[in-house]
Amino acid sequence: IIKFVLLILGTLLIYIFPAIPIQNTIQDEKVVVNSQETAKVLRVIDGDTIEVNLNNKKETIRLIGIDAPETVDPRKTIECFGKEASRKASVLLDGKEITLESDPTQGEKDKYGRLLRYVFVNNFNFNEYMVSQGFAHEYTYNFPYKHQGEFRNAEKDARENQKGLWDKNNRCYN
């Protein structure tokens, strides 16, 4: 009977507390914490990937929460609106001092070894901007992320206002 009562209590606890937020993610035996670092943009690779000088080391950064059309993936052709997204990223980021912010829900690096970060220019969330102007889609990889709600709302607004990828006069519009 005691085992039955414990089983029932355990099941109830799962339904009462379905998700306890995880504050840290273990990645490569390091604890990833929400942190901010300053870096200088060396070059824009495409609309969602940049190369920076971070602590005197060249690092590739994959922007969290967005997916811009491809322009440099050797396995794919250049996707529609990819050049425009890359050009906008270059105009706003090339040579700039930026703040990189990690997100404990996403881990330190992606499967290609790129650091996963949000990019801020003068406290301006560049990732969200790219989605809000239709240069990128909101993108969730495996787990929800810190700014997911804002990015989803930004994409909804971009679609409703026919910006970028969703402009009906755009050759990419479906």
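Residues numbered from 1 in each chain as written. Predicted model: local features only at pLDDT ≥ 70, side-chain atom pairs only at ≥ 80, totals over all residues. Heavy atoms only, no water.

Enquirer: Hey, could you run me through the packing of aromatic side chains in this one?
Expert: A complete count under the given rule lists five aromatic pairs for this structure. Both rings, one in Tyr 118 and one in Phe 151, keep their centres 6.2 Å apart while their planes meet at 85°; by these two values the pair is edge-to-face. In this pair, Tyr 118 is assigned in strand S8 (residues 115-121) and Phe 151 in helix H4 (residues 148-160), connecting sequence segments 33 residues apart. Assigned by exposure class, Tyr 118 and Phe 151 land together as buried. With a centroid separation of 5.3 Å and 55° between ring planes, the pair formed by Phe 124 and Tyr 129 is classed as tilted. Using a relative accessible area of 37% as the deciding quantity, one classes Phe 124 as partly exposed. A relative accessible area of 18% places Tyr 129 in the buried class. Grouping aromatic residues by their ring pairs yields a cluster made of Tyr 118, Tyr 145 and Phe 151. (Phe/Tyr/Trp six-rings, centres within 6.5 Å; stacked < 30°, edge-to-face > 60°. Helix = DSSP H or I, 4+ residues; strand = E, 2+ residues; numbered from the N terminus. Buried < 20%, exposed > 50% of the residue type's maximum accessible area, 1.4 Å probe, protein only.)

Enquirer: When you look at helix H2 (residues 82-93) in this model, what are you seeing that I'm missing?
Expert: An α-helix turns once every 3.6 residues. As a result, residues three or four positions apart point the same way. Helix length check: H2 (twelve residues) gives 16 Å between terminal C-alpha atoms against 16 Å at 1.5 Å per residue, within 8%. Along H2, the positions that sit buried rather than exposed are Gly 82, Ala 85, Ser 86, Ala 89 and Leu 93. Buried residues along H2 cover an arc of 95° about the axis, so they all sit on one side. Packed against the buried residues of H2 are strand S3 (36-46), strand S4 (49-54), strand S7 (97-101), S8 and helix H3 (126-132). Looking one or two places after H2, you find Gly 95, whose phi comes out positive at around 75°. (Expected span 1.5 Å × (residues − 1). Arc of directions from axis to C-beta. Contact = heavy atoms within 4.5 Å.)

Enquirer: Would you mind going over the environment of Lys 83 with me for this structure?
Expert: Within the secondary structure, Lys 83 sits in helix H2. For the pair Lys 83 and Gly 47, spaced 36 residues apart in sequence, the C-alpha separation works out to 8.3 Å.

Enquirer: Looking at this structure, how should I read the confidence of the model for the protein chain?
Expert: Low-confidence regions, as indicated by low pLDDT, have predicted coordinates that should not be scrutinised in detail. Confidence along the protein chain averages 83 in pLDDT terms, with 78% of residues attaining 70 or more. The low-confidence segment residues 10-31 (pLDDT under 50) makes 17 contacts with residues lying over four places distant or belonging to another chain. (pLDDT = per-residue confidence, 0-100.)

Enquirer: Looking at this model, I keep getting lost on the environment of Val 44. Mind explaining?
Expert: Among the secondary structure elements, Val 44 is positioned in strand S3. Setting aside anything within four residues of it in sequence, one finds Val 44 in contact with Thr 49, Ile 50, Ser 86, Ala 89, Ser 90, Leu 93 and Asp 94.

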